[in-house]
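Survey of secondary and tertiary structure
Chain by chain, the residues:
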Amino acid sequence: MHGDESQGARDGIPLPAERHAVVAPTASVYARTVTPDTTHTEAIRIVGRFEAGRELPEAMRADVRMLGALLGQVLRESGGDDLFDDVERLRQATIEAYTDESAEAFDRATRIAEEFSVQRADEVARAFTAYFHLVNLAEEHQRVRVLRERGDDPTSTDTVAGAFAQLSAEVGEDEARRRLGALRFHPVFTAHPTEARRRAVSSSIRRLADLLSAHDAAAEGGPEAHRARRRMLEEVDTLWRTAPLRAQKPAPTDEVRTVMSVFDETLFTTVPHVYRRIDDVLRGDESGSSAPIVPAFVRIGTWVGGDRDGNPFVTAAVTREAAAIAADHVLRGLERAIERIGRTLTLDAEGTPPSAEATALWSALQTAHPDVAGEIATRSPSEPHRRMLLLLAHRVAVTRRGDEGGYEDPEQLLAELRTVQSSLVAAGAHRHAFGGMQHLIWQVETYGFHLAELEVRQHSQVHARALAELDAAGGSGSLSAETEEVLAVFRTVREIQRTHGPRAAGRYVVSFTQSAQDLANVHRLAQYACGDDGPVLDVVPLFETFADLQAAPGILAEIVTHPAFAARLAATGRRLEVMLGYSDSSKDVGPVAANLALYEAQAEIAAWAQRESIELTLFHGRGGALGRGGGPANSAILAQPPHSVDGRFKLTEQGEVIFARYGEPAIAMRHIDQVTAATLLASSPGVEQRNSAAAERFADVAATMDLASRERFFSLVKAPGFAPWFATVTPMEEVGLLALGSRPARRGLSVESLEDLRAIPWVFAWTQARINLAGWFGLGTALDAVGDEDLLRTAYQEWPLLRTMVDNVAMSLAKTDPRIARRYLGLGDRDDLAGLVLEEMELTRSWVIRLTGGERLLENKPILQRAVAMRSPYVDALSLLQLRALRGLRDADEQAPAPDPELQRLLLLSVSGVAAGLQNTG
């Protein structure tokens, strides 16, 4: 360590933005880096890296300084000064290499990573990973701090209140209210294996978040602050000593319980607060004293325990258990919530008398549950509304246990809650009626007795095989295990609907829908499984590949004439859901052509639905990473074609995205508010006209970009030997060894074909290699093919689809590192493919900077730029350790009986750390 550094820096791991600039040896590195011979552009880039650290808010700077000091203390206590010094040595070297950019500095950092023993490299990788968890926590804490300090801005169109005001100005308040009443936001949680953190690690971080809040609230230097710091030190020690890698893959029911933690800790209570906050802003003092204008517009879906496409571990029994677990959680939540509100309704009968309907309700409940009613009446003799709610809570508990006297469905509970609410209104207790009581009603409307709508997904080819077998057997005789399982799923869905209500299950997503027959097959299978007593099914086509997206309108036009489909359309008021896959289309033709194809497919499907008077909901199969449709959802929504949103937005949320967006109440509220605002505003005349006009004006640009990007993408992925080369230069094979989820990483056993590789490891592997190819490859060539820079700048400003695409690519490229990418690409003996990747990376970077302005990536998004700059040197350290492990595994004797387990562990540790540092995986 340098002698002029502070005591805090010596005692802990300094964070790059902790002191004067992004790095520690600022003056010496700057002097060596910016010389009289440095060009203006190079100087701007270098100075920008230094300046990024100065933008850190002081409160966040204090948090990261404290957390870094705690981690440093833990490292010293656990591994001694030698461990701390080794971590510090690599940290200093990678920071210097990050700012210096010379080959000498980078080689010096590489040598340090190579010199460690494997055991020491293991410990150093864990230290950097722990650092990332802590800095992510500090960043999240700062976001929450800012949200609380800023409050609601009713004039901002990225809030529902602001979007409503804008919409009212365009269509009138009555029409805006009608649209608000029909609003729907429907996230669907999936178990796709992209969360690299163990649940134990996530729990430790959550406890640290609570302690950080307690530290904020305590008086500086006081006993409570000291206590919070001591407990944080204990928790950081727990984080350090907790094994960072799962010992085995989670079972599907483990994944169900993991997702349930988000409902228990955040969503169950947060969503009603979202409704209330919007109603507060829209109605001011009237909110809470009369009926709200904000409906319960959120619906939660889940594939966890229902998605069996390529996952043999998700069986009918698992689906049944998943539904039961979710129902148990929501019924316990409702029981506690009703009891809590009931205990506050200490309103005397004389001043707040019950209505006749409420009195009749109490009599009926008293007859059905005499013992409990007697106990409650004794405790609350003249508090009729309190008595009723406490008895309703008991009845919910009876429902959860499955005993006699429970509710048949959530509509019965809603009716009784509304009876109590109306009684309070009649007695003049308006604020009680539309305060806590309204929250209970919103919770039941949102979650029912099922919590999340469980969706089944299966591949169309599995259905085809099962039907071929059933038709050959005439519906009788011995069947294969696969076909028996397919039939069992339909019986399970029927059972779930009867037990938990029709909303609990019923959507059936057909992967790789390539014909109308693929959808009709679901109804035929249901008939085989259940005869005429089948479940209510909403069959949802999933169009994934480029060819399938182009064929989608024709397939839909054909399937709606099918008798079962036509009957269901009539029963639902002509509602239809169509799912679009972002992952496989991007892997199929590259991210640029895939984005353009998705836009065109949505435009054509929406136009067809308008002609057919169908209420269309497009279900977006987006991943967390940009190569799988990730990126800011609100800007993507506002770039959609006319009538493709119409006040309804449904998307998949998975892995690390679930916890990042919904794991903290304030962030969850902000995310839901932003996405819902965009959903409401996307159908405004102004937005629809803008998007339609831009798509028409820049149609020739889109056509040129589509063709050029596809040709460039194919020149890479269709090159002979590409798939094995990809497996060699990235940790693709090793990613499959991480116990991230129950789902296999490949559809088959071979890496000779990309078709057998799932989109998640495709994206994850490129991310780990610091190339992020799945998010940007082909855009540079596409823009170069257009060539007209003035035209493209205009398009970037006026065409939301291109702006969203370019901004997302800027974020993706900012997390790449060409020097580290070269080291990964050098693991394969294909200079032609490596050169193609690096050439396209530089071309894309150049064009993105020209369109977004400035001298560097993300200059138009300084907060994001700061976050990337703060992490990059530390991600570099883990990448160098990963390269060292990967090179050792690749250079090992092919005749060796098994890979070196120590190197394999080091690689997996580094994978987990890089994922934490970059904050996305697949």
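All values derive from a computational prediction rather than experimental measurement.

Turning to the overall build of the protein, a few remarks are in order. Looking only at helices and strands, the protein features 41 helices and eight strands. Within the protein, the proportion of its 922 residues that are buried is 60%. A separation of at least 24 residues holds for 80% of the contacts in the protein among residues at least 6 apart in sequence.

Along its 19 residues, helix α9 (residues 199-217) runs 27 Å from first to last C-alpha, staying within 8% of the 27 Å computed at 1.5 Å per residue. Taken together, the buried positions of α9 are Val-201, Ser-202, Ser-204, Ile-205, Leu-208, Ala-209, Leu-211 and Leu-212. The elements touched by buried residues of α9 are α4 (58-100), α6 (118-150) and α10 (223-241).

Direction vectors running N to C along helix α5 (residues 103-115) and helix α38 (residues 818-825) enclose 55°, while the axes themselves pass 12 Å from each other. Here α5 is positioned oblique relative to α38, judged by the angle of their axes. By crossing handedness, the relation of α5 to α38 is classed as right-handed. The segment α5 lies against α38, with Phe-106, Asp-107 and Thr-110 engaging Arg-819, Ile-820 and Arg-823. Split by residue class, the contact of α5 with α38 holds two nonpolar, one polar and three charged.

Residue Phe-512 is not a glycine yet carries a positive backbone phi of 50°. Turning to its location among the elements, Phe-512 is positioned in the loop between β4 (505-511) and α21 (516-530). The phi dihedral of Ser-613 falls on the positive side, at around 55°, and the residue is not glycine.

On to the sheet that holds strand β2 (residues 301-302), then. What links the strands of a sheet is backbone hydrogen bonding, and the strands pair in either a parallel or an antiparallel sense. Strands sit in the order β1-β2-β3-β4-β5-β6-β7-β8 around a closed barrel of eight strands; the barrel is parallel. Contacts from α21 reach β4 and β5 (538-543) within the one sheet, and its direction differs from that of β5 by about 150°.

The subject of this paragraph is the nonpolar core. Counting 142 residues, the largest nonpolar core has Leu-267, Phe-297 and Phe-490 as its most contacted members. The residues touching Phe-297, leaving out its near neighbours within four places in the chain, are Leu-183, Arg-184, Phe-185, Val-274, Tyr-275, Ile-278, Ile-672 and Thr-676. Membership of the second largest hydrophobic core comes to 132 residues, among which are Ala-109, Ala-130, Met-732 and Val-735.

Of the voids in this model, the second largest pocket is the one considered here, and its volume is about 1,300 Å³. With five residues, helix α23 (residues 563-571) is the single largest residue contributor to the lining of the second largest pocket. Tallied by class, residues from the lining of the second largest pocket come to 23 nonpolar, eleven polar and 16 charged.

Okay, the pairing of strand β6 (residues 575-581) next. Extensive coverage of β6 is indicated by the burial of six of its seven residues. Sheet analysis places β5 next to β6, joined by two bridges and oriented parallel. The residue of β6 that forms the bridge with Leu-542 is Met-579.

Moving on, we come to the pattern of salt bridges. In total, this model carries 61 salt bridges according to the counting rule given. With its nearest N and O atoms 3.1 Å apart, the salt bridge here joins Arg-401 to Asp-403. Looking at Asp-403, the relative accessible area reads 41%, which means it is partly exposed. Close ionic contact of Glu-453 with Arg-507 constitutes a salt bridge, the shortest N to O distance being 2.5 Å. Here the residue Glu-453 occupies a position in strand β3 (residues 453-459), and Arg-507 occupies one in strand β4, the gap between them amounting to 54 residues. Overlapping salt bridges bring together Glu-453, Glu-455, Arg-503, Arg-507, Glu-577 and Lys-650 as one network.

The topology assignment puts Arg-494 in helix α20 (residues 481-500). In this structure Arg-494 comes out as buried when scored by relative accessible area, which is 18%. Not counting residues up to four positions away in its chain, the partners in contact with Arg-494 are Cys-530, Asp-533, Gly-534 and Pro-535.

A separate point is the environment of Ala-291. Within the fold, Ala-291 resides in the loop between α11 (252-283) and β2. For Ala-291, a relative accessible area of 47% gives the class partly exposed. Along the backbone, Ala-291 and Phe-434 are 143 residues apart, and their C-alpha atoms lie at a distance of 6.4 Å.

Quick look at the confidence of the model for the protein now. For residues with low pLDDT, the predicted coordinates do not support detailed interpretation. Mean pLDDT over the protein stands at 88; residues scoring 70 or higher make up 89%. The low-confidence segment residues 1-11, where pLDDT is below 50, has 22 contacts with residues more than four positions distant or belonging to other chains. Counted against residues more than four places away or in other chains, residues 15-54, with its pLDDT under 50, gives 74 contacts.

Along the chain, Thr-110 turns up in helix α5. In this structure Thr-110 touches Arg-823 and Leu-880, once residues within four positions along its chain are discounted. Reaching out from Thr-110, the side chain makes a polar contact with the backbone oxygen of Phe-106 at a distance of 2.9 Å.

A separate point is the packing of aromatic side chains. One pass over the structure, following the stated rule, counts 22 aromatic pairs. Aromatic side chains Phe-722 and Trp-762 sit 6.2 Å apart centroid to centroid with 65° between the ring planes, which places their arrangement in the edge-to-face category. Of the two residues, Phe-722 is situated in helix α31 (residues 722-729) and Trp-762 in helix α33 (residues 759-768); the sequence distance between them amounts to 40 residues. Taken individually, Phe-722 and Trp-762 each receive the classification buried, so the pair is uniform in this respect. When the ring of Phe-726 is compared with that of Trp-766, the centres are 5.0 Å apart and the planes differ by 35°; the resulting orientation is tilted. Highlighted residues: Phe-726 in helix α31 and Trp-766 in helix α33, separated in sequence by 40 residues. Counting every residue linked through ring pairs, the aromatic cluster contains Phe-722, Trp-725, Phe-726, Trp-762 and Trp-766. Its end group placed over the ring of Phe-84, Arg-76 keeps NZ or CZ at 4.0 Å from the ring centre. Stacked on the ring of Phe-714, the Lys or Arg Lys-718 has its end atom at 4.9 Å from the ring centre.

Another point: the packing of α11 against helix α27 (residues 655-662). Closest axis-to-axis distance for the α11/α27 pair is 11 Å, and the angle between their directions is 10°. As judged from the angle between their axes, α11 and α27 are roughly parallel. Where α11 approaches α27, its residues Thr-258, Ser-261, Val-262, Thr-266 and Leu-267 are matched on the opposing element by Ile-658, Phe-659 and Tyr-662. A per-class count over the contact of α11 with α27 returns five nonpolar, three polar and no charged.

What follows deals with the environment of Glu-544. The residue Glu-544 is located in the loop between β5 and α22 (546-559) in this model. You can call Glu-544 buried: its relative accessible area is 5%. In contact with Glu-544, other than residues within four places in its own chain, are Arg-457, Ser-511, Phe-512, Gly-581, Asp-584 and Ser-585. A distance of 2.8 Å separates a polar atom in the side chain of Glu-544 from the backbone nitrogen of Phe-512.

About the cut-offs
- For every chain, the first residue of the written sequence is number 1, and numbering continues from 1 onward in sequence order.
- Local features are withheld for residues below a pLDDT of 70 in this predicted model, meaning they are given only at 70 or higher, and side-chain atom pairs are given and counted only at 80 or more; totals for whole chains, interfaces and linings count all residues.
- In computing side-chain properties, one takes all heavy atoms of the structure into account and sets aside hydrogens as well as water.
- Starting at the N terminus, helices and strands are each numbered in turn, a helix being any DSSP run of H or I of at least four residues and a strand any DSSP run of E of at least two.
- Working definition: with a 1.4 Å probe on protein chains only, accessible area under 20% of the residue-type maximum means buried, over 50% means exposed, and in between means partly exposed.
- We call two residues in contact whenever any of their non-hydrogen atoms come within 4.5 Å of each other.
- Helix span, as expected, comes to 1.5 Å for every residue beyond the first.
- Fitting a line to C-alpha atoms yields each axis, with helices limited to the stretch in contact; the angle taken between N-to-C directions then spans 0 to 180 degrees.
- Just so you know how the angles are binned, under 35 degrees is roughly parallel, over 145 roughly antiparallel, 65 to 115 roughly perpendicular, and the rest oblique.
- The crossing is said to be left-handed when, going from far helix to near helix, the turn is anticlockwise and less than a right angle, and right-handed when the turn is clockwise.
- Only Asp, Glu, Lys and Arg are considered charged, only Ala, Val, Leu, Ile, Met, Phe, Trp, Tyr, Cys and Pro nonpolar, and every remaining residue, Gly among them, polar.
- Here the rule is simple: two strands pair whenever DSSP picks up at least two bridges between them.
- Working definition of a nonpolar core: buried Ala, Val, Leu, Ile, Met, Phe, Trp, Tyr and Cys residues. They are joined through side-chain atoms within 4.5 Å.
- A 1.4 Å probe that fits but cannot get out identifies a cavity on a 1 Å grid over protein atoms alone, an open set with protein on both sides within 12 Å along at least five of seven lines counts as a pocket, and a residue lines either if it has an atom within 4 Å of a point.
- Grid points are joined across faces, edges and corners, and a volume is the space filled by probe spheres set on the points.
- By definition here, a salt bridge exists when the distance from a side-chain nitrogen of Lys or Arg to a carboxyl oxygen of Asp or Glu is within 4 Å.
- Per-residue confidence from the predictor is given as pLDDT, running between 0 and 100.
- Here a polar contact is recorded for every N or O atom pair within 3.5 Å, except that within protein the pair must consist of a potential hydrogen donor and a potential acceptor, and residues adjacent in sequence are included only if both atoms are side-chain atoms.
- Aromatic pairing here means that ring centres of Phe, Tyr or Trp (its six-membered ring) are within 6.5 Å. Orientation follows from the plane angle: under 30 degrees is stacked, over 60 is edge-to-face, and everything else is tilted.
- Counted as over-ring charges are cases with an Arg CZ or a Lys NZ within 6 Å of the ring centre that also lie within 35 degrees of the ring normal.

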